[in-house]
Amino acid sequence: MWIYWLRYPEALTDPSYRGQILTLTYPIVGNYGVPNTQELDELGLRKHVESANIQVSGLLVQDYSNEYSHWNSVKSLGQWLQEEKVPALFGIDTRMLTKIIRDKGTVLAKIEFDGQPIEISDPNQKNLIAEVSTKEIKVFGKGNPIKVVAVDCGVKHNIIRLLVKRGAEVHLVPWDQDLLSLDYDGLFISNGPGDPSLAETLINNVRKVLESDRPQPVFGICMGNQITALAAGAKSYKLPMGNRGQNQPVLNVMTGQAFITAQNHGYGIDSKSLPAGWSPLFVNANDGTNEGIMHNTKPVFTAQFHPEAKGGPTDTEVIKDFDGVA
Ligand SMILES: NC(=O)CC[C@H](N)C(=O)O
């Protein structure tokens, strides 16, 4: 179970939340309704949400407002959750729950209705990436000059949109796709749910790319940072309660510049475990955890936070310019 505060249409559809129950710390939820979640943009991506479905297993809020008002809302939050058969509860003392999670770390939880007992299973034991990844290769921004292969670990649609905006023809590939055999100008590894160390096939495929000394840049976001670091030989670990929300301060270790970033991760990379030739690129200014890595000589760099505009700041969007940082 996670604590989160961000706009709920994007948060609930972020595939990185697969298998998790979300509890929001903001006390009144629902009052801006839900946009048309089916509407597609010109690329065929969801216009107002981050994927085709609600991805969380459940939602807990303090006070729910069924009345809503927003320029693009078409239904209530309750209606949307019901349509997608995702359980949610209101009337929860989310402040108390937040304190419990702060003390104990993230906790396993289930929502059970009278007469409908359910088994509890630990989402952290599963390779959740395989559940949310595309099954076939999809192309966005066809004809654009820069061919980017994007490994779909559960990519948020806005990330694809921003890559296309920067002139990329994005080839979204399944998580276990062999990467060495593909031709590209840049390789991107997306955000995604669960424990990164369980995605062994992907880690091995990325390791092969790193060892091949291909000159093309490699860039990863969130899960993409973790997978790249694991492929390089570093170690990941479970954070006591994760870093989530849209006000996480991050320092660029190279320049000393600080950013306020949007984040959503429960695992971290141990910067000290980075092998020779690699350096931390970003560090969390609150708790000192790793926020990205770079290779010292090759164009490989990553961000643990979400350097994109939707649902948060725009000041780190520059990081998606492949030559913006490395
Ligand atoms: N947003 C993400 O990509 C999350 C990465 C990973 N599932 C974690 O929780 O750390």
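Provided above is the structure to which this section pertains.
Report on the accompanying structure. Note that the structure is predicted; figures quoted are calculated from it, not measured.

**Considerations on the overall build of the protein**
Then, number 1: In terms of helices and strands, the protein carries seven helices and 18 strands.
Then, number 2: Its C-alpha atoms give the protein a radius of gyration of 19 Å, near enough to 20 Å, the size a compact globule of 326 residues would have.
Then, number 3: Dimensions along the principal axes, computed over C-alpha positions, put the protein at roughly 55 × 45 × 40 Å.
Then, number 4: Burial analysis of the protein (326 residues in total) assigns 55% to the buried set.
Then, number 5: When the accessible area of the protein is evaluated, it comes to approximately 14100 Å², of which 51% is carbon and sulfur surface.
Then, number 6: One finds the centroid of the 30 positive side-chain charges in the protein at a distance of 1 Å from the centroid of its 36 negative side-chain charges.

**Side note on the pairing of strand 13 (residues 218-221)**
Strand residues, when the strand is regular, have side chains that alternate between the two faces of the sheet.
Then, number 1: Residues Val218 and Gly220 line one face of strand 13 and the alternating positions Phe219 and Ile221 line the opposite face, and both faces are buried.
Then, number 2: In this sheet, strand 13 lies alongside strand 12 (residues 186-189) in parallel orientation, the contact comprising three bridges. By the bridge assignment, Ile189 is partnered in strand 13 with Gly220.
Then, number 3: Each parallel crossover has a hand, and the one from strand 12 via helix 6 (residues 200-212) to strand 13 is right-handed.

**Considerations on the environment of Gln226**
Then, number 1: Looking at the element boundaries, Gln226 is found in helix 7 (residues 223-232).
Then, number 2: Taking C-alpha positions, Gln226 is 15 Å from Leu128, a pair spaced 98 residues apart along the chain.

**Considerations on the side chain of Asn284**
Then, number 1: Following the sequence through the fold, Asn284 ends up in strand 16 (residues 278-284).
Then, number 2: Judged by its relative accessible area of 2%, Asn284 is buried.
Then, number 3: Within the structure, Asn284 has its side chain in polar contact with the side chain of Gln248 (distance 3.1 Å).
Then, number 4: Only 3.2 Å separates the side chain of Asn284 from the backbone nitrogen of Asp287, close enough to count as a polar contact.
Then, number 5: Those residues in contact with Asn284, other than ones at most four positions away along the chain, are Asn243, Gln248, Pro249, Val250, Gln263, Thr289 and Glu291.

**A closer look at the state of the cysteines**
Then, number 1: Tallying each qualifying case throughout the model produces zero disulfides.
Then, number 2: Lacking any disulfide linkage, Cys153 is separated from the closest cysteine sulfur, that of Cys222, by 10 Å.
Then, number 3: The class of Cys222 is buried, set by a relative accessible area of 3%.

**Notes on the pattern of salt bridges**
Side-chain pairs of opposite charge can arise where the charged atoms are in close proximity.
Then, number 1: Across all of its chains, the model carries eight salt bridges by this definition.
Then, number 2: Linking Glu39 and Lys47 is a salt bridge whose minimum nitrogen-to-oxygen distance equals 3.6 Å.
Then, number 3: The exposure class of Glu39 is partly exposed, given its relative accessible area of 30%.
Then, number 4: Through salt bridges with shared partners, a single network forms among Arg18, Lys126 and Glu131.

**Details of the site of the ligand**
Then, number 1: Within the structure, the ligand sits among 13 residues, and Gly192, Gly194, Cys222, Gly266 and Tyr267 are positioned closest to it.
Then, number 2: Contacts to the ligand include Tyr267, whose backbone N or O atom sits 2.8 Å from an oxygen atom.
Then, number 3: For the ligand, the accessible surface in isolation is 300 Å², of which the surrounding protein chains cover 98%.
Then, number 4: Breaking the shell around the ligand down by element, the ones donating at least two residues are helix 7 and strand 15 (258-269).
Then, number 5: The greatest single-element share of the shell around the ligand, amounting to four residues, is contributed by strand 15.

**Quick notes on the packing of helix 6 against helix 7**
Then, number 1: Running from amino to carboxyl end, helix 6 crosses helix 7 at an angle of 65°, the nearest separation of the two axes being 8 Å. Considering the angle they form, helix 6 stands roughly perpendicular to helix 7. Viewed along their axes, helix 6 and helix 7 form a crossing whose handedness is right-handed. Contact residues: Leu202, Ile203, Val206, Arg207 and Leu210 in helix 6; Ile227, Thr228, Leu230, Ala231 and Ala232 in helix 7.
Then, number 2: Broken down by class, the residue content of the contact of helix 6 with helix 7 amounts to eight nonpolar, one polar and one charged.

**What about the nonpolar core?**
Then, number 1: In terms of nonpolar packing, the biggest core is built from 30 residues, with Val151, Leu179, Leu187, Ile189, Leu202, Val206 and Ile227 touching the most fellow members.
Then, number 2: Mapped by element, the contributors of at least two residues to this core are strand 10 (146-151), strand 12, helix 6 and helix 7.
Then, number 3: The element that contributes the greatest number of residues to this core is helix 7, accounting for six residues.
Then, number 4: If we ignore the near neighbours within four places in the chain, the residues touching Ile189 are Val151, Cys153, Leu202, Val206, Val218, Phe219, Gly220, Ile221, Gly224, Ile227 and Thr228.

**Remarks on the packing of aromatic side chains**
Then, number 1: Applying the stated rule across the entire model yields seven aromatic pairs.
Then, number 2: Judged by centre distance (5.0 Å) and plane angle (80°), the ring pair of Phe282 and Phe305 falls under edge-to-face. Of this pair, Phe282 sits in strand 16 while Phe305 sits in the segment after strand 18 (300-303); the two residues are 23 residues apart in sequence, bridging distant segments of the chain. No difference in accessibility class separates Phe282 from Phe305, as the two residues are buried.
Then, number 3: Chaining the aromatic ring pairs together yields one cluster made of Phe188, Phe219 and Phe301.
Then, number 4: Positioned above the aromatic ring of Tyr184, the side-chain terminus of Arg214 is 4.0 Å from the ring centre.
Then, number 5: It is Lys238 that lies over the ring of Tyr267; its NZ or CZ is 5.5 Å from the centre.

Cut-offs used in this document
- Residues numbered from 1 in each chain as written.
- Predicted model: local features only at pLDDT ≥ 70, side-chain atom pairs only at ≥ 80, totals over all residues.
- Heavy atoms only, no water.
- Helix = DSSP H or I, 4+ residues; strand = E, 2+ residues; numbered from the N terminus.
- Rg over C-alpha atoms; globule rule 2.2 N^0.38 Å.
- Buried < 20%, exposed > 50% of the residue type's maximum accessible area, 1.4 Å probe, protein only.
- Areas by Shrake-Rupley, 256 points an atom, 1.4 Å probe, with all protein chains shown as cover.
- Lys, Arg positive; Asp, Glu negative; His and termini not counted.
- Charge placed at Lys NZ, Arg CZ, Asp CG, Glu CD.
- Pairing = 2+ DSSP bridges.
- Right-handed = clockwise from strand over helix to strand, strands pointing away.
- Polar contact = N/O pair within 3.5 Å; in protein donor to acceptor, adjacent residues only side chain to side chain.
- Contact = heavy atoms within 4.5 Å.
- Disulfide = S-S within 2.5 Å.
- Salt bridge = Lys/Arg side-chain N within 4 Å of Asp/Glu carboxyl O.
- Near = heavy atom within 4 Å.
- Axes fitted to C-alpha atoms, helices over the stretch in contact; angles between N-to-C directions.
- Parallel < 35°, antiparallel > 145°, perpendicular 65-115°, else oblique.
- Left-handed = near helix turned anticlockwise from the far one by under 90°.
- Nonpolar A, V, L, I, M, F, W, Y, C, P; charged D, E, K, R; others polar.
- Core = buried A, V, L, I, M, F, W, Y, C linked by side-chain atoms within 4.5 Å.
- Phe/Tyr/Trp six-rings, centres within 6.5 Å; stacked < 30°, edge-to-face > 60°.
- Lys NZ or Arg CZ within 6 Å of the ring centre and 35° of its normal.

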